[in-house]
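So you can see what is in the structure, the chains are spelled out below.
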Amino acid sequence: MSEAVAGETCVRNAFRGQAKSCDELGSPFTARLCRLVADRLDASSAVGERILGWRGDPTSKGDSVALRLAGALHALVLSGRSESLGASYPPNSADDETLWRAIDQAIRQESRFLLDRLTSAPQTNEVRRSGALLPGFLTVAQLFGKPLVISEIGASAGLNLHWDRYRYDLASGRWGDEAAAVVIAPEWSGGPPPLRPVEIIDRAGCDLHPLNPGDGDDRLRLLSYIWADQQDRIDRTRQALKIAASRSNPVERADAIDWLKTRLARIYPGAAHVVYHSIAWQYLPEAARKEGDALIAAAGAAATQEAPIARLQMEADGQTPGAALSLQIWPAGETHAVGRADFHGRWVDWKGWPESRS
């Protein structure tokens, strides 16, 4: 098998692999789109040639080419640039032949737009992940009885930096702003989190390519990466963008490691500093992850009861289902697996901090 044929086969398999993930995460439309591209895309268009000849890792563990194309096509629909494509997208229905004709037409007529979008990695900033992170924040507040400083790595548009401005409907009760337009209600299993008031005295995040929630183009980019048949996610994200846009944008354009060095150098007496990330750490190079781990551990080693530090993670760990939730606190240095959650926050299985487990 030639190198070119092997590369094309790898790309097609990447689309099929993404289709399987979309099925598992409740998006049959995006799964169908990915399978159609895998089976029918050819190199007779500039976009087809670019995708099938992809230089790099086309899989979801690499460049996520399938999600890049799905997001670019969805952007054409959301912006009204392609009426024929929009007519084949949810909430409309179309058979495979009709949908593929619309996709193929868009690929040929909007090649400049699509080729430009293919150069950028997807950004979803899934706001429902706040429902999985919430019990971790509440646990830190309970353990230390102090206000929080929060620092998010890979914050995108900063939607999960505003987690305290949403309302949560949990199996054990409600938490948050009762008047909030964003309501997060995951399927809950396990014990209840400590539903207590929390004060945040400082919040900030970093991202290599932050999106401005007040900018129309950035809003379109973010919404386009949400799967087209998941209207509830689109609606929730639109509301979260409004909340973020009404506040000063706390997301800095910066390399995660450089930002951590500066952020962790400051001490916050009388507050618990929580460094957190959700489905972001895996995208850092291995050397950067090791350096970041060392930076956080060093800051933790210098923490005191007056200025404690915590690290809250929601990351893939190679196990199923979902992602692992883990929490580490200093000065004790304890680390515990506190639960698991769906990658999009649809469900949370909360185990809790050992001292609070029954």
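Source: prediction; values computed, not measured.

## Some remarks on unusual backbone geometry
A cis geometry characterises the amide bond from T320 onward to P321, with omega recorded as -5 degrees. Counting through the fold element by element, P321 comes out in the loop between β9 (309-315) and β10 (323-330). In the segment running from W330 into P331, the intervening peptide bond is cis, with an omega of 25 degrees. By secondary structure assignment, the location of P331 is in the loop between β10 and β11 (334-341).

## Overview of the packing of aromatic side chains
Under the definition given, this model contains five aromatic pairs. Judged by centre distance (4.9 Å) and plane angle (90 degrees), the ring pair of F137 and Y276 falls under edge-to-face. Here F137 is found in helix α8 (residues 129-144), whereas its partner Y276 is found in strand β8 (residues 272-278), with 139 residues between them in sequence. One cation-aromatic arrangement involves R311 over W281; the distance from NZ or CZ to the ring centre is 4.5 Å.

## Quick word on helix α6 (residues 96-109)
Since the α-helix advances by 3.6 residues per turn, residues separated by three or four positions end up pointing in the same direction. When the terminal C-alpha atoms of α6 are compared, their 20 Å separation across 14 residues agrees well with the 20 Å that a helix rising 1.5 Å per residue should span. Those residues of α6 that are buried lie in contact with α2 (28-40), α3 (46-52), α4 (65-78), α5 (83-87) and α7 (111-117).

Calculation notes
- Residues numbered from 1 in each chain as written.
- Predicted model: local features only at pLDDT ≥ 70, side-chain atom pairs only at ≥ 80, totals over all residues.
- Heavy atoms only, no water.
- Helix = DSSP H or I, 4+ residues; strand = E, 2+ residues; numbered from the N terminus.
- Phe/Tyr/Trp six-rings, centres within 6.5 Å; stacked < 30°, edge-to-face > 60°.
- Lys NZ or Arg CZ within 6 Å of the ring centre and 35° of its normal.
- Expected span 1.5 Å × (residues − 1).
- Contact = heavy atoms within 4.5 Å.

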